[in-house]
Structure formats: C-alpha cells, structure tokens
Amino acid sequence: MLRIPCPHCGVRDETEFRYRGDATLTRPAADAGDTAFTRYVYERNNPKGWHAEWWLHVAGCRAVLRVVRHTVTHGIHSVTLPHEPADIPVELR
Amino acid sequence: MTGPTRIGTGFFDQSATPVHFRFDGQTYLGRDGDTLASALLANGVQVVGRSFKFHRRRGIYTAGPEEPSALVTVIGPYGREPNRPATTLVLYDGLVAESQNRWPSLRVDLLAVFGRLSRFLPAGFYYKTFMWPAAAWERVYEPLIRRAAGLGRHQAATNAHKIPAATAQVHTDVLVIGAGPAGLSAALSLSAAGLRVILADQDEHLGGGTTLDPDWHPWRAAMLERLSADPLVRLWPRTTVIGAYGHGVFGALQTTRRRAGPAGDIVPETLQIIRAASTVLATGCVERLIALPGNDLPGVMLAGAALRYLVGHGVAPGHRTVIFTNNDDAYATAVESRRRGSAIEAIVDVREYSPAADRARGAGLTVYAGAKIEAILGERAVRAVRVRDREGQRFTLPVDCVLLSGGQTPATALATQLSADLRWNSAIAAFTPDLSPMIGQVAGAAHGVCGLSAAVEDGQSAAQQIAQTLGLRPIVISDFPTAPADAPRADLEPCWEIAGPGKAFVDLQHDVTTADIRLARREGYEHVEHMKRYTTHGMATDQGRIGGLVGHAVLATARGIDIAAVGQPRARPFLESVPLAALAGGETGEHFKPKRRLPLHDWHTAHGASFVNAGLWLRPLVYSHDTGWDAVMDEARHVRREAGITDVSSLGKIEVAGSDAAAFLDFVYANRLSTLAMGRCRYGLMLREDGIVFDDGTVARLGKDHFLLTTTTANAAAVLEHLEFHRQTIYPHWDVTLTDVGDHWAQFAVAGPLSRTVLTEVIEGVDLANDAFPFMAAAGARIAGVPGRLFRISFSGELAYEVAVPARYAREVWSRILETGAPLGLKPYGLDALNTLRIEKGHITSAELNGQTSARDLGLERLGKTDGDHIGATLARRPALQGAGRLELVGVRPVDSEQRLRNGTHLIDPDAPTTSLGYVTSCTPATEQVGWVGLALLNDGRIRIGQRLLAVSPLHHESHAVEIVSPHHLDPENRRVRA
C-alpha cells in the first residue's frame, strides 16, 4: 500500500486518495481537434520506472497531488501541487 | 513396539497438565503446551491424513506452518474450519478435529486406488484427459474430480459474519519479524537506540532456534525478561506476518489461544495492519527434504521437526530412527535424541567429513560418511531403509522412523515482496535476499547466517544499519546478555535427489514427484513459473516451503543449467492460509457498508415509509408497508391532482463561488451558465471528456459570483471529485471555490397544481405569483420561519417548487409545511411516485444516464454551446456519437393497455426477431391514462416514433406489441410547470 506524503495532511494511506491518472498529459486547446483529444482521453504510456500521476486526496484536504512514483519499486520521488513545477527524477529530465 | 511415543517432559509442556481432545472420533490425552501434532505423536498416531491426488497415507512431516500433510478440520462453535495444520494448532481441552481427504475412513480409504493408478496420473493429466465430450465436464468429470481431489470440506459459511474478528491499525518505528536469536537481539538493540519496536513471531514461544537448545535457554530467558520490561517494545507471539505491502505497511494475523465452546468476548483472530518506518526480516529458515523413493511414508519427518518434538514436547518420533543429512544441523537431533534415551540407529551423511560427525561418533553414535539412503521401504509406514555406503556396499537397516535434512532454506517470501533481489549462496545452497537499506534489513538465518550466536551478532548489526539509515547515533549496549559460542561447522553438500525406482516427492501436499518435474520440462514447461503451474508444484497451502527449492534443483538438472539460473517463483501474499473472517475483521454489515439516513429519516419511519437503498442512502419509497403499485399510484395521482411533498435531501449540492465561478461552470457544463441571471435556475448537463453524459442537475445563481448546483444522488461524490480535479489541474489559477453543502441542506419538492397555494401560507419574503416568481426562479426566503432557499423547479412535470433549509431544521419545516398544507390537500410522496411522475414527463435519471448515452442520444443536444470550450466539447461531436445506429431516448407504450411494461425488456422488430433494437429503461403505470408508459433507448429511436415493435421478456415469457412515442408522455408543451 502506498503511503503518500500529502503536503497539507502529512503521510497518509493510499486508501484516502482517488487515482486520477497520468499527470504528464496536457489538455489540448479547444480547437485542437478530434485526434488530439482522442490521444488525451484514450492513449496512455505504460512506463516501467518513474511516472507522474494525479492522486486526489478525497478523504483528506481534497487537493490534487502530482505524485512521481516508480512503477516497479513504488518509491515516491516527489509530491507537488498542480500549479507547482513537476519534480521529476534527474534521469528523466 | 514401533512408532512415535512420549519419552519425557518437553520445554513447552513443563506443567504436564492433562488435556483431553478428540481426533477422528477417538478421545486422546495430551498436555497443556502440546500442539495437536505433538499430542498425536505422543499417542502413537502415525497416519493423520491422505494425500491430495493419490490418497497415500501421510504422517506428520514438520513441526510448523510449513506442514504439507498433517492438515485437519477443526470442528468448533463456528462450524468446520478445514486445512488447519496440526503442527501449529495449540491443543486445548475439548478440541475436536478430523482428518481429511479420506473416504470412508483414514484407515480404509477406497480412493487409494488412485495411488495404484498413479502411472496413469502424471502432471497435466487432467488437462490432457477430460477433454471430450465437452458436455461431460459439468455432469461427470468435474463432480468426480471434486469428490476425489481436494483437501478439507468447506462448510457453507452461513454464520461466517458472526465469527468475531477484528482489524487493528498500528504504527511503530521498526517491525521485527521473527523472534529467534537475530530478532531478539535486533529488538533489544533498536530499543536501546530509542526506537519503538514490534517483535512479531508466529510461535506461541518466542525464541526461535534458542528454544530447542538447552544451552541457550538462559540467554533466551534473559532477553525475554529485558524485552518484556521494555516500554518501547511490544512482544507479539502467535502473530504471523502474512504480507508485505510496501511503504512500510505489513499485514499480520494475530491469534489468541483457542479454547472449546463459544469465544465469548475473546476475539480469536485480529488482522493487524502495521505501519513501520523500517523492518528487520529475521524470518529464519525452513528445513528442506531430500527427494528419494518413499520419502512420503508415515514415519518420515524432517530432522529439525524431530528436534522440536523431542526438546519441546518430550516426544520421540520413532523407536528406531535413522537420520539422512547433508549438513551439520541434523546432528543436534541425533545428540539430543540419544541424550533422552531414544535410539538412533545411524546417521547417513552424504559428506565425507564434518566436525559434527566427529563429535557424534565421540558421543557413541554411528555415522556413515560419504553414504546415502537410496530408498525408504515400507507399505503402510516406514519399515527399513536401503543404505549405500562410501564403498558402494548396499545394506538394509530396519527402522520405523527416517529423519531427513537437505539443508536450510532462508524464508525469503516477505523480502521478495519488498522487491529484494535474490542471490545464490553456495555455502547454504539456497537464495538469500538483498534488501534495500531504505526498506529494512534481513538478519539471521533468513540472511544465510548459520549458527545461533552468529545470528545474534547479525541481529545487532541489522539494528546498527537501521540506526544509521534513520540518522541515529551508533547503538551502544554495555550489558547485552552473553550468548553461548557456536560449535565449529562444515558447509553442507548439496543433495537434492537420490534417483531410483519409486516415487520421490518434492511436494507432498500436491503429490508432485521428481518425475512430474521432468515431464513438465520435456513437454516444454521449462521456465520455473510454467513448471509450477503445469505440475502445481508449490501451489498448495504450504506453498512448497520444504520441497520448493528441491523441485527447482531437479528442474535445473533436467535443463542442464545451474539452479541459480532457474530462479524462484515470486511468492505473493499471503504467506499462509488466512480465514476470510479475519480479513473482513470488524468490517461487516453497516461497518462495511454504512447507511446514510436523511435528516427526516425518523419522521419517514414514524409515518409508515418503506425504504429503498439508493447507493448508501435510505430513501422513503412509499408511505405504506404495502409496496405494490396501488399505494404508489395513489401518491402520484395525488400530486397530479392536488399537491405532494417529497424529500430530495440526498441530491448532491455544491456551492461554486469566486470571480471565475461563471467561467468555470461554462467549462464544466455543456450548456452555458455564465448568462444565467441572478435569481434564476437553469438545467445543467455535464459531459465527460469523451463526450458521454456524466450527470445532470440544476444550477442556481445566488449572486454575481455565487452559484449553487445540484447533482444526482448517485453521482454526488463523483461530481465533486470531477469538479475539483478540473479546477485544480486545468485552471489552478482561477478564483473558484467549491464547497460541498450536500449534508448541510435538507431539500423538499412541493409539487402539484395546489403547491403555490400551500407554500404561500409558509413562505415569507417572496411573492409567489407566476409573473413575480416564474418557472426557474430562485430566491432566498423564510420558510416556516426558517431562513432558507426557494427554487421553482419541477421534476414531476407539475407546477412545483423546491425549498431548502439547513438540515437541522428539516423536521420542523417539513412538519409545518405539512400541517399547513394538509387541509389544502398536501400529502407526502415517496421515491416510487417521484419516479412515476418523471417517467411520464420524460425526465432522465441514472437508468438513462448510464455512462453510454450522449446528449444527442437523450435529445438534449440543443442545450449545448456551439462556441467556446467545455469538457467533452470536441469528442461529443465525433462521428461515432453522431451517426446512425445510436440508441436514442424514446417513449414506449403497450398497444394493448392491459399489457404491462418491464425494465430491461428488449424491443425487437417482428420481421427480424433475433436482433434487439434496444430496451426499456424505466416504466410505470400512467397516472392520467389507462395502462403503462415507459422510456426506452432504441436504435435510431427518433425516426421510429410512430412504429410498432415487440417488447420481449423471455424471462417472463412475455411478448407484446408496443408503440414508439415521444418520451414526453405528459404535457409536452410544458404548460403545467409554467402555470
């Protein structure tokens, strides 16, 4: 079970959060068209290694957190708020 | 005289208090401190079960949870609990247990014929054989196989929810798993560093290997005395860590000592969910068997298990015993056995030399070095062994007990769950784990360390490493109890298999032999994970702990590669069988699925409501205990003719405020809300980004930058989450605040032609005249003297209002409205009547908002904005959601008004009766006409309006003609709502 360090609430169990998916995607502009939106809605990478994901603290402060998690070890590199710059491990920059 | 017997007093049953128990209908006498296994052995019971596939007689093989054979069914106050290892079942007065997988009895098992047929029952037999005819599977093969195979019988758990069990959440600095020498020393060292420690061990008696060596008893006692008095340390015996879940989270099953009769207020099992900053895996090791012909006969046991029965329980596993070993550890059993006066015929050691052999010879024992046992002989039990000595001479040794020791395998399951790498350690011929220091340390035998004293040092060293990782000063303990020194040791010599004619088992519980492993390899199942699944090697309840590695070594030899290259299958949680009741813990009934009660729940109950579950909510369905249609239709017709009031408090309610609130609502709704005037409401339709309808509700503008939106009851939480997600990730800099006020406001719909007349009597501050407060108006108002909100919205299709007051005034306001309104004709109505009213009006709910319908499918496309951006805007316009063949919302009505409709009924064209064109989503008897009306999702439905189709429900043997009509069965011109 993940223990996610929420910047507002401290370290909390994963069961308090709702997974909201890939945090590396950017919503296309309104006029970007079908293809761009199809990619945004349906296409996902399945990385082995570090991955940025949205976790919504539904049973806590209700903040959306950008959690950089290792998909193999489950190690958490960083937890940032959406308006903050993403903190990505060096090897991915 | 042959067989096992009690020869003295053991360390675990020193009080020798007699305990009565029953096994297979016979009463026996054991001692307090016995396990069922030790008590059976003490009573000379050698055969305790039949094997899974061949129904071979099996005895007690081990003395712990790794037991493959001695599984019993315990019959207690909660029914039959199958597959309990007799080796871990602590005896109590009145225990009743039964052997398993035998019919009609353990002694005479008619299905033992499978053993005779075994050459026709190789691995993969079932996959290959019972293939044809397919129909025979269900009626012949499967019942036959189920009867013949399997272990204990499961009892339908009608009372399962009554088995008391608890879940506990606990935090600590370090979880030390295993209370052997390494665990004990690690725990004491960590506490000296000021760390809080939980020391968990599966055994009743803490100490691991130190309990079995009398020289170590003083050290063990001193350590336990120190640790018990230590406020930083919690000692948890009878606690098995069943899984490691990462991030310092562990699950552990903690049991109390059983007793006969109902548990009363004792909770037999607690699931401990432990969160720790670090961990010490001092999980020890498990002795492994040697694969040789006859190695499953009753009378064969592991040498370490025998030591435990001797020292712990004063029980000798046989009268004439031979030991077959490839390592030094088995010599302890020989020496201890001889010291207690139980004969050891010989020690057969595959190695040429070891100091332990010298010491044994010095003590008068016979050791055949460089020798092996080629076969264990016997039909019903061990009778003799055939030995081949160093010179190649063969001779037969008559014995009644064979003790095997193929070496020690570190218990690595938890480490691998924590992503540890496994490294081959040739000194012990087994894998040892490399665990990241950020997660914790492995110590003692689990770490590949041999010898108790070495394990003590390894435990201390693990504690030092943890202190360092956590940034603490080095640990100094001046008065650490002095441990005895380890005797000089020689390494083992790997010995996996003695090949020869006859069955040599690697997995006793699943009857997997060395021949099965080789067969799997020949048939292409070469990878260790494939071999495991093909043969089921290691897939039984004991997870192949005593023979797993042996099977992998046999596979390695067959493949001609090194065992290190074969690897290990991944061990997943749980480490041992866990009762479902323990996993459920206290989370049963309302603790599992809580009930949400409306603010008016007690009023509804007092007024005879029948309730319905709507999600977690309990909503009044109808104010009658008769839930037939009559009472519902009375309520619905009353609303159409006069006026009704209903509780809609379970709707989600979210306040949206801030200078960007209007822009935000334009983004999250498909229709425009920024143009909404203050004091007005508007229907709002939310899409998902894929263009499918997500939810609907009303939006009221309470101020320039202040909106109140409602959601469906079912989606209240999901909508809030959806809004928060988009607010924070798409427009984090916008000035928008979302406040969930769902529980703060009670809300009632007052509907019907007389609703204005009724409300005029209780509303202050708002002129209800039609032009002053028209359809879709919103305002603050005093309702029955309470400050609240008033909306002129209608779900029923009648002139209607919704009033909202703070939830704590719900009962007061509701009662006042009813008292005032009753003389004017106001009556309460429930959810069923509400549903009748909305179906007639063609309003949609979750039956139509089913996650597959687009705005166009529901006839709502004209609401959508054609400019600007909103969630779902682009993909709602994609061709797949526009083209022909979509299921569209229509109304449906039986041609013969005597016929009823049913939800889920399929609509078909009588000329093409095998194709479903759609289905009825909601239906009801009509209030103002004869017969039923319904809503349906129908293929190209709008162009079918006016057609006749068949409504078919094969489940009810029904098929009758229906007419496709507009979904607006009632008042399509909206005259009533605007009245």
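A few points on the structure. None of the values given here were measured: they were computed from a predicted structure. (Residues numbered from 1 in each chain as written. Chains lettered and ligands numbered in written order. Predicted model: local features only at pLDDT ≥ 70, side-chain atom pairs only at ≥ 80, totals over all residues. Heavy atoms only, no water.)

1. Quick look at the sheet that holds strand 45 (residues 826-828) of chain B
Residue and element names in this part refer to chain B.
Next, step 1: Strand order in the open sheet made by the seven strands is 41-42-43-44-40-34-45, with mixed pairing throughout. The strands lining the two open edges of the sheet, one partner per strand, are strand 41 (763-764) and strand 45.
Next, step 2: In the sheet, strand 43 (residues 786-791) pairs with strand 44 (residues 800-806) via three bridges, with the strands oriented antiparallel. Bridging from a neighbouring strand, Phe791 pairs with Glu802 of strand 44. (Pairing = 2+ DSSP bridges. Helix = DSSP H or I, 4+ residues; strand = E, 2+ residues; numbered from the N terminus.)

2. Some points on the state of the cysteines
Each disulfide is one covalent bond, formed between the sulfur atoms of two cysteines.
Residues and elements named next belong to chain B.
Next, step 1: Enumeration over the complete set of coordinates arrives at zero disulfides over all chains.
Next, step 2: Cysteine Cys495 is unpaired, with the sulfur of Cys450 as its nearest cysteine sulfur at 17 Å.
Next, step 3: For Cys495, a relative accessible area of 9% translates into the label buried. (Disulfide = S-S within 2.5 Å. Buried < 20%, exposed > 50% of the residue type's maximum accessible area, 1.4 Å probe, protein only.)

3. Describing the pattern of salt bridges
Next, step 1: Following the criterion strictly, the structure yields 57 salt bridges over all chains and no others.
Next, step 2: Measuring nitrogen to oxygen at the nearest pair gives 2.7 Å for the salt bridge that ties Arg18 of chain A to Glu721 of chain B. Residue Arg18 of chain A is located in strand 3 (residues 18-22), and its partner Glu721 of chain B is located in helix 20 (residues 716-729); the two belong to separate chains.
Next, step 3: The exposure class assigned to Glu721 of chain B is buried, which follows from its relative accessible area of 9%. (Salt bridge = Lys/Arg side-chain N within 4 Å of Asp/Glu carboxyl O.)

4. Considering the packing of helix 12 (residues 514-522) of chain B against helix 13 (residues 528-535) of chain B
Residue and element names in this part refer to chain B.
Next, step 1: Two numbers describe how helix 12 lies on helix 13: the axes approach to 10 Å, and their chain directions differ by 120°. Taken as axis vectors, helix 12 and helix 13 run oblique relative to one another. The crossing of helix 12 and helix 13 is right-handed. Of helix 13, the residues touching helix 12 (which contributes Asp516, Ile517 and Ala520) are Met531, Tyr534 and Thr535.
Next, step 2: Tallied by class, the residues present in the contact of helix 12 with helix 13 amount to four nonpolar, one polar and one charged. (Axes fitted to C-alpha atoms, helices over the stretch in contact; angles between N-to-C directions. Parallel < 35°, antiparallel > 145°, perpendicular 65-115°, else oblique. Left-handed = near helix turned anticlockwise from the far one by under 90°. Contact = heavy atoms within 4.5 Å. Nonpolar A, V, L, I, M, F, W, Y, C, P; charged D, E, K, R; others polar.)

The analysis is restricted to geometry; functional conclusions fall outside its scope.
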